[in-house]
Amino acid sequence: MKIPQLRILATTYCGRRCIYCRPTGEGIPCESSNINIDTVIRISKLYKQYGGNEIKFTGGDPIFWDGLSKCIKILKQEVQIENIEIITRSPTIIDYIPNLISSGLDKLDFSLDTLSPTKHKQITGIDDLNELIDAITQCVNIGVKCKINTVVMNWINREEIFDLICWAEKIGIRKIKLLDVITDLHDDSSYKNKKYLYDIYNKTLQDLYVPLSEISQDLRTKSISERLIFQGGLGHPMNCFKLESGLEVIVKDHHNGAWYGELCISCVKFPCHDALMALRLTSDEKLQFCLLNENISLDISKLDERSLVSVFDNILDVYRKAFFVPSVE
Ligand SMILES: C[S@@+](CC[C@H](N)C(=O)[O-])C[C@H]1O[C@@H](n2cnc3c(N)ncnc32)[C@H](O)[C@@H]1O
Ligand code: SF4
């Protein structure tokens, strides 16, 4: 059965301006906002009723939402969600981690694209690589299940991917995910991040794209086993290579094809880089099918309970009926 991961966009704020991202991160461009905790609980209860058990807090950076710990506790204890994750790139996570763990956080994803402080500042706009690495190391050492997410970029970090993998092995990380660049997030020419990318590297997002097949081929020769992962039975099938050290390297390559819904067929971006990989609840109370098309999201802020149930059922139906499209070119 196909049930998407529920991604909660806790806040639009992150304090950075990563060169490949939008001003509002995963969310459709909107006024800056923080999510309402009651909305998260309401949607999560419905999601649970439909069999959903995978919730990830993202944003912006979820660590800057002051309801995070309380919300995780309720989702764990009252809604009984099995797996709750956070994705962050803020070193300040270290101040909150004891509380988050005691609230029931299961896993922590860190975004980290380089081991060079200069490049890290160029990529993210903030000069805090050492603090971030320190926070990751401390989290691993106290036994938090941590994964690293790395966007692989031509000209910028392509050549250091295997150094990052070795570093992850050395500090005891169990999983690292390599992602290909989603090239169509900078459609709006007014995005400042697009300008930063051009000013710093004299490149566009399309220039940064590098197919991950070569890296997968290298990993194949270095690994002891390989399997395919389907998150929630949806999204892009990802190759997962297990190295001798036990580290798993997951490769998200949009050339592997993806699961799509009926509503994707009429989209101008179909077949795209995001596809139906998750259901997102935005901080301004919309349910959003994908990262790329703002026209296919549903405003739930004014819905009464009955209408919400019916809307939610229709939305999940799109995922249940998803179909696989072998490759996108
Ligand atoms: C939007 S961020 C939100 C969470 C948090 N602010 C962070 O950076 O980890 C979630 C993930 O999306 C990734 N991302 C953003 N723009 C991307 C792009 N154009 N292509 C691939 N991944 C991207 C980031 O690297 C990060 O791992
Ligand atoms: S990827 Fe960077 S700019 Fe985008 S939400 Fe995360 S920290 Fe902010």
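Whatever comes next refers back to the structure up there.
Residues numbered from 1 in each chain as written. Chains lettered and ligands numbered in written order. Predicted model: local features only at pLDDT ≥ 70, side-chain atom pairs only at ≥ 80, totals over all residues. Heavy atoms only, no water.

**Some details on the overall build of the chain**
Piece 1. Check the secondary structure of the chain and you find ten helices and 14 strands.
Piece 2. Relative to a compact globule of 329 residues, whose C-alpha radius of gyration would be 20 Å, the chain shows 19 Å and is just as compact.
Piece 3. For the chain, restricting intrachain contacts to residue pairs at least 6 apart in sequence, the fraction spanning at least 24 positions comes to 69%.
Piece 4. For the chain, the computed accessible surface area is about 14,400 Å², with 50% contributed by carbon and sulfur atoms.
Piece 5. Charge separation in the chain, taken as the distance between the mean sites of 39 positive and 44 negative side-chain charges, equals 2 Å. (Helix = DSSP H or I, 4+ residues; strand = E, 2+ residues; numbered from the N terminus. Rg over C-alpha atoms; globule rule 2.2 N^0.38 Å. Contact = heavy atoms within 4.5 Å. Areas by Shrake-Rupley, 256 points an atom, 1.4 Å probe, with all protein chains shown as cover. Lys, Arg positive; Asp, Glu negative; His and termini not counted. Charge placed at Lys NZ, Arg CZ, Asp CG, Glu CD.)

**Considerations on the environment of Leu298**
Piece 1. Mapped onto the secondary structure, Leu298 falls in strand S13 (residues 297-299).
Piece 2. We classify Leu298 as partly exposed; its relative accessible area is 33%.
Piece 3. For Leu298 and Phe312, which are 14 residues apart along the polypeptide, the C-alpha to C-alpha distance reads 9.9 Å. (Buried < 20%, exposed > 50% of the residue type's maximum accessible area, 1.4 Å probe, protein only.)

**Here's the deal with the site of ligand 2**
Piece 1. Close contacts around ligand 2 come from Cys14, Arg16, Cys18, Cys21, Gly25, Gly60 and Arg89, and that covers them all.
Piece 2. According to the grid-proximity analysis, the pocket containing ligand 2 is the largest pocket.
Piece 3. A breakdown of the residues in the shell around ligand 2 according to their chemical character gives three nonpolar, two polar and two charged. (Near = heavy atom within 4 Å. 1 Å grid on protein atoms, 1.4 Å probe; cavity = no way out; pocket = protein on both sides within 12 Å on 5 of 7 lines; lining within 4 Å. Sits in = over half its atoms within 2 Å of the grid points. Nonpolar A, V, L, I, M, F, W, Y, C, P; charged D, E, K, R; others polar.)

**As for the packing of helix H2 (residues 68-77) against helix H3 (residues 93-103)**
Piece 1. As a packed pair, H2 and H3 sit with axes 8 Å apart at the nearest point and diverge in direction by 15 degrees. With respect to their mutual orientation, H2 and H3 come out roughly parallel. The element H2 and its partner H3 pack so that their crossing is right-handed. Residues Leu68, Ser69, Ile72, Lys73 and Lys76 of H2 pack against Asn99, Leu100 and Ser103 of H3.
Piece 2. Tallied by class, residues from the contact of H2 with H3 come to three nonpolar, three polar and two charged. (Axes fitted to C-alpha atoms, helices over the stretch in contact; angles between N-to-C directions. Parallel < 35°, antiparallel > 145°, perpendicular 65-115°, else oblique. Left-handed = near helix turned anticlockwise from the far one by under 90°.)

**Digging into the nonpolar core**
Piece 1. Counting residues in each nonpolar core, the largest one holds 99 residues, and the members touching the most others are Phe57, Leu75 and Ile136.
Piece 2. Not counting residues within four places of it along the chain, the set of residues in contact with Leu75 comprises Val40, Ile41, Ser44, Ile55, Phe57, Gln80, Ile81 and Ile84. (Core = buried A, V, L, I, M, F, W, Y, C linked by side-chain atoms within 4.5 Å.)

**A few points about the pairing of strand S9 (residues 248-252)**
Piece 1. With five of five residues buried, S9 is to be regarded as a mostly interior element.
Piece 2. Side-chain alternation along S9 places Glu248, Ile250 and Lys252 on one buried face and Val249 and Val251 on a second face that is also buried.
Piece 3. Here strand S8 (residues 234-243) pairs with S9 via four bridges, running antiparallel. Within the sheet, the bridge partner assigned to Asn239 lies in S9 and is Val251.
Piece 4. In textbook terms, the turn of a hairpin is the stretch between consecutive antiparallel strands, and for S8 and S9 this stretch comprises four residues, one of which, Gly246, has a positive phi near 100 degrees. (Pairing = 2+ DSSP bridges.)

**A few points about the packing of aromatic side chains**
Piece 1. Enumeration over the complete set of coordinates arrives at six aromatic pairs.
Piece 2. Geometrically, the ring pair formed by Tyr50 and Phe312 is tilted, given 5.7 Å between the ring centres and 55 degrees between the ring planes. Placement of the pair is Tyr50 in the loop between helix H1 (37-49) and strand S2 (54-59) and Phe312 in helix H10 (residues 305-320), with a sequence separation of 262 residues.
Piece 3. Sitting over the face of the ring of Tyr196, Arg17 holds its NZ or CZ atom 4.3 Å from the ring centroid.
Piece 4. Here the basic side chain of Lys222 rests over the ring of Phe162, its NZ or CZ set 4.8 Å away from the ring centre. (Phe/Tyr/Trp six-rings, centres within 6.5 Å; stacked < 30°, edge-to-face > 60°. Lys NZ or Arg CZ within 6 Å of the ring centre and 35° of its normal.)

**Brief notes about unusual backbone geometry**
Piece 1. Across the junction of Gly59 and Gly60, the peptide omega takes the value 25 degrees, indicating a cis bond.
Piece 2. If you trace the backbone, Gly60 turns up in the loop between S2 and H2.
Piece 3. Following Phe270, the chain continues to Pro271 via a peptide bond in cis, the omega torsion being -5 degrees.
Piece 4. Residue placement: Pro271 occurs in the loop between strand S10 (258-260) and strand S11 (278-281).
Piece 5. In this model, Glu285 sits at a positive phi of 65 degrees, which is unusual for a non-glycine residue.
Piece 6. Structurally, the position occupied by Glu285 is in the loop between S11 and strand S12 (286-288).

**With respect to the site of ligand 1**
Piece 1. Near ligand 1, the surroundings consist of 16 residues, among which Tyr20, Gly60, Arg89, Ser111 and Ile182 are the closest.
Piece 2. Between ligand 1 and the protein, one listed contact pairs a nitrogen atom with a backbone N or O atom of Gly60 at 3.0 Å.
Piece 3. Here a nitrogen atom of ligand 1 sits 2.8 Å away from a polar atom, N or O, in the main chain of Ile182.
Piece 4. Computed on the free molecule, ligand 1 has an accessible area of 550 Å², of which 92% lies beneath the protein chains in the complex. (Polar contact = N/O pair within 3.5 Å; in protein donor to acceptor, adjacent residues only side chain to side chain.)

**Details of the layout of surface pockets**
Piece 1. Here the largest pocket defines a volume of roughly 1,000 Å³.
Piece 2. Lining of the largest pocket is provided by 47 residues; of these, Tyr20, Cys21, Glu26, Ile87 and Arg89 occupy positions nearest its centre.
Piece 3. For the lining of the largest pocket, the secondary-structure elements that each account for two or more residues are strand S1 (5-11), S2, strand S3 (83-88), strand S4 (107-111), strand S5 (145-152), strand S6 (175-180), helix H7 (192-201) and S8.
Piece 4. It is S8 that provides the largest number of residues to the lining of the largest pocket, a total of four residues.
Piece 5. Approximately 490 Å³ is the volume attributed to the second largest pocket.
Piece 6. In terms of lining residues, the second largest pocket is bounded by 23 residues, among which Glu85, Lys107, Lys147, Lys175 and Gln231 are the most central.
Piece 7. The set of elements that each furnish at least two residues to the lining of the second largest pocket consists of S2, S3, S4, S5, S6 and strand S7 (223-231). (Points joined across faces, edges and corners; volume = space filled by probe spheres on them.)

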